[in-house]
Amino acid sequence: MGKGRNTAPRDTQAVCAERELEEKKDAAGAREGQRRRQSPAERSRGGATKSPLVDAAKRCVARMELWPGIWPVLLLLFLLLLFLLPTLWFCSPSAKYFFKMAFYNGWILFLAVLAIPVCAVRGRNVENMKILRLMLLHIKYLYGIRVEVRGAHHFPPSQPYVVVSNHQSSLDLLGMMEVLPGRCVPIAKRELLWAGSAGLACWLAGVIFIDRKRTGDAISVMSEVAQTLLTQDVRVWVFPEGTRNHNGSMLPFKRGAFHLAVQAQVPIVPIVMSSYQDFYCKKERRFTSGRCQVRVLPPVPTEGLTPDDVPALADRVRHSMLTVFREISTDGRGGGDCLKKPGGVGDARL
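Thresholds, definitions, all that
- Residues numbered from 1 in each chain as written.
- Predicted model: local features only at pLDDT ≥ 70, side-chain atom pairs only at ≥ 80, totals over all residues.
- Heavy atoms only, no water.
- UniProt positions renumbered as here; feature names shortened; annotations may be inferred.
- Helix = DSSP H or I, 4+ residues; strand = E, 2+ residues; numbered from the N terminus.
- Buried < 20%, exposed > 50% of the residue type's maximum accessible area, 1.4 Å probe, protein only.
- Contact = heavy atoms within 4.5 Å.
- Areas by Shrake-Rupley, 256 points an atom, 1.4 Å probe, with all protein chains shown as cover.
- Salt bridge = Lys/Arg side-chain N within 4 Å of Asp/Glu carboxyl O.
- Pairing = 2+ DSSP bridges.
- Axes fitted to C-alpha atoms, helices over the stretch in contact; angles between N-to-C directions.
- Right-handed = clockwise from strand over helix to strand, strands pointing away.
- Phe/Tyr/Trp six-rings, centres within 6.5 Å; stacked < 30°, edge-to-face > 60°.
- Patch = residues over 30% accessible without salt bridge, like charges linked within 9 Å, V, L, I, M, F, W, Y side chains within 5 Å.

For the protein chain, the name recorded in an unreviewed UniProt entry is 1-acyl-sn-glycerol-3-phosphate acyltransferase, with Acinonyx jubatus as its organism. Database annotation for the protein chain, UniProt heading Function (unreviewed entry): "Converts 1-acyl-sn-glycerol-3-phosphate (lysophosphatidic acid or LPA) into 1,2-diacyl-sn-glycerol-3-phosphate (phosphatidic acid or PA) by incorporating an acyl moiety at the sn-2 position of the glycerol backbone." According to its UniProt record, the protein chain has this under Sequence similarities (unreviewed entry): "Belongs to the 1-acyl-sn-glycerol-3-phosphate acyltransferase family."

Shown next as structure tokens:
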């Protein structure tokens, strides 16, 4: 009887121990199953190894939480800008001037981006200048500028020649594209080559770049151009003043274009663009609509001339161009009555 009474408690303790062990195994299995069902990112939170990408994402979220009001502020600034720009456009002529010039330059860069793939089909070729001209002709309509061309019949029909023109501002591009003859490319300063998409488009169109700081290089380039004029039936457009002139007259001419014409024994075709004072003035920050007259003068022959004749040739061409410039800038159909008419150079502000 004593033996039986001692065995019952031991059997009960064994059963309890077995049940407790089974519960522990079940709990461990449940935790393992839950861990397996979790995503790698969720497991990495509790594990010893953490992903660098997860840590970076956490830091970004934490920084954004530090500035909960940044997006409303940005939206407010955007709305303020939308209100401010039209106000400046209608109330400030200076602001309107800067907006127009910014759009002018930006639009040209954008058009150059569009032109580059088309021009790249031919590679560097003077015929690509037709593509650039076609894409730029509409700009005068955007700004309400009427360009009137006179004397286009003076262009020699079937021979190379050198075009010389006065240079007032970047708006000269409008007059140039209006009257640009076939197979004609400008000679430009080398810095333009690095002007982003515009520089690449000009290079593809065959524009000739010279380094004005290196006289030796400029002379060698001019010699190559002289040969190209004769062998490839190309015309070149040169601004003999060498830089933009805002004083309403003409600076003394540099003689490179005239040496080029004499060396190649080809005629010089002077082109005069009237003053822009009627609608554009950099000093006064004014840019409105208006009219510009482009006058093509009769060609000046260079057959039989030598380098010794270049100074007199340059002075003669400049004098004829300056006379026409004063005429078309004061006749009410060019750039407005903005020039004085003394014997010296003009005193207009441009």
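Enquirer: Break down the overall build of the protein chain for me, citing the residues and quoting the values.
Expert: The secondary structure content of the protein chain amounts to twelve helices and nine strands. Within the protein chain, the proportion of its 350 residues that are buried is 39%. Sequence-distant contacts, at least 24 apart, represent 73% of the contacts inside the protein chain between residues at least 6 apart. Total accessible area on the protein chain is roughly 20,400 Å²; 61% of this is exposed by carbon and sulfur atoms.

Enquirer: Could you give me a rundown of the side chain of Lys 140, with the residues and numbers involved?
Expert: Along the chain, Lys 140 falls in helix α7 (residues 139-142). When near neighbours in sequence (up to four residues on either side) are disregarded, Lys 140 contacts Ile 145, Val 147, Leu 174 and Glu 178.

Enquirer: I'd love a proper account of the pattern of salt bridges, names of residues and values included.
Expert: When the charged atoms of two side chains lie near each other, side chains of opposite charge can form a pair. Tallying each qualifying case throughout the model produces seven salt bridges. Between Arg 150 and Glu 148 there is a salt bridge; the shortest N-O distance is 2.7 Å. In this structure Arg 150 comes out as partly exposed when scored by relative accessible area, which is 26%. Classification of Glu 148 as partly exposed rests on a relative accessible area of 22%. Between Asp 233 and Arg 235 there is a salt bridge; the shortest N-O distance is 3.8 Å. Three or more residues joined by partner-sharing salt bridges are found here, namely Glu 127, Lys 130 and Arg 183.

Enquirer: Just give me the short version of the UniProt feature "transmembrane region" (unreviewed entry) in the protein chain, but keep the residues and values in it.
Expert: As recorded in UniProt, the feature "transmembrane region" (unreviewed entry) lies at residues 69-90, 102-121 and 192-210. Spanning residues 102-121, this segment combines 95% helix with 0% strand, and its end C-alpha atoms are found 30 Å apart. Helix makes up 47% of residues 192-210 and strand 16%. Its end C-alpha atoms lie 10 Å apart.

Enquirer: Let's hear about the sheet that holds strand β2 (residues 162-165): which residues, and what values?
Expert: The mixed open sheet is built from seven strands, whose spatial order is β1-β9-β6-β2-β5-β3-β4. This sheet does not close on itself; its edge strands, each paired only once, are β1 (145-150) and β4 (208-210). Going across the sheet, the axis of each strand differs from the next one's by a mean of 25°, ignoring polarity. In terms of strand pairing, strand β3 (residues 184-189) meets strand β5 (residues 235-238) through three bridges, oriented parallel. Along β5, the bridge assignment pairs Pro 186 with Trp 237.

Enquirer: Tell me about helix α11 (residues 256-264), and please be specific about residues and values.
Expert: Every buried residue belonging to α11 is among Ala 257, Phe 258, Leu 260, Ala 261, Val 262 and Ala 264, and all of these are buried. One or two steps after α11, the chain reaches Gln 265, where phi turns positive at roughly 55°.

Enquirer: Pulling in residues and values, what's your account of the pairing of β3?
Expert: Most of β3 is tucked away: five of the six residues are buried. Note on the crossover from β3 through helix α9 (residues 196-204) to β4: the handedness is right-handed.

Enquirer: Could you give me a rundown of helix α8 (residues 172-179), with the residues and numbers involved?
Expert: The buried fraction of α8 is high, at six of eight residues. Taken as a whole, α8 has its buried residues at Asp 172, Leu 174, Gly 175, Met 176, Met 177 and Val 179.

Enquirer: I'd like a rundown of the packing of aromatic side chains, residues and numbers included.
Expert: Using the criterion set out here, one finds eleven aromatic pairs in the structure. Taking 5.1 Å as the distance between ring centres and 5° as the angle between the ring planes, the aromatic pair formed by Tyr 143 and Phe 287 counts as stacked. Here Tyr 143 is found in the loop between α7 and β1, whereas its partner Phe 287 is found in strand β8 (residues 286-287), with 144 residues between them in sequence. Assigned by exposure class, Tyr 143 and Phe 287 land together as buried.

Enquirer: Which residues make up a nonpolar patch on the surface, and what are the values?
Expert: Judged by side-chain polarity, Ile 70, Val 73, Leu 74, Leu 77, Leu 80 and Phe 83 come together as a nonpolar surface patch covering roughly 570 Å² of accessible area. Here Leu 74 lies in helix α4 (residues 70-91). Given a relative accessible area of 41%, Leu 74 falls into the partly exposed group.

Enquirer: Can you break down unusual backbone geometry residue by residue, with the values?
Expert: The phi torsion of most residues other than glycine is negative, and most of the peptide bonds are trans. Even without glycine at this site, Asp 233 takes up a positive phi of about 55°. Of note, Asp 233 is situated in the loop between α10 (215-232) and β5. Among the residues examined, Asp 233 registers a relative accessible area of 31% and is labelled partly exposed. Unlike most non-glycine residues, Gln 265 shows phi in positive territory, near 55°. Considering the arrangement of structural elements, one finds Gln 265 in the loop between α11 and β6 (268-273).

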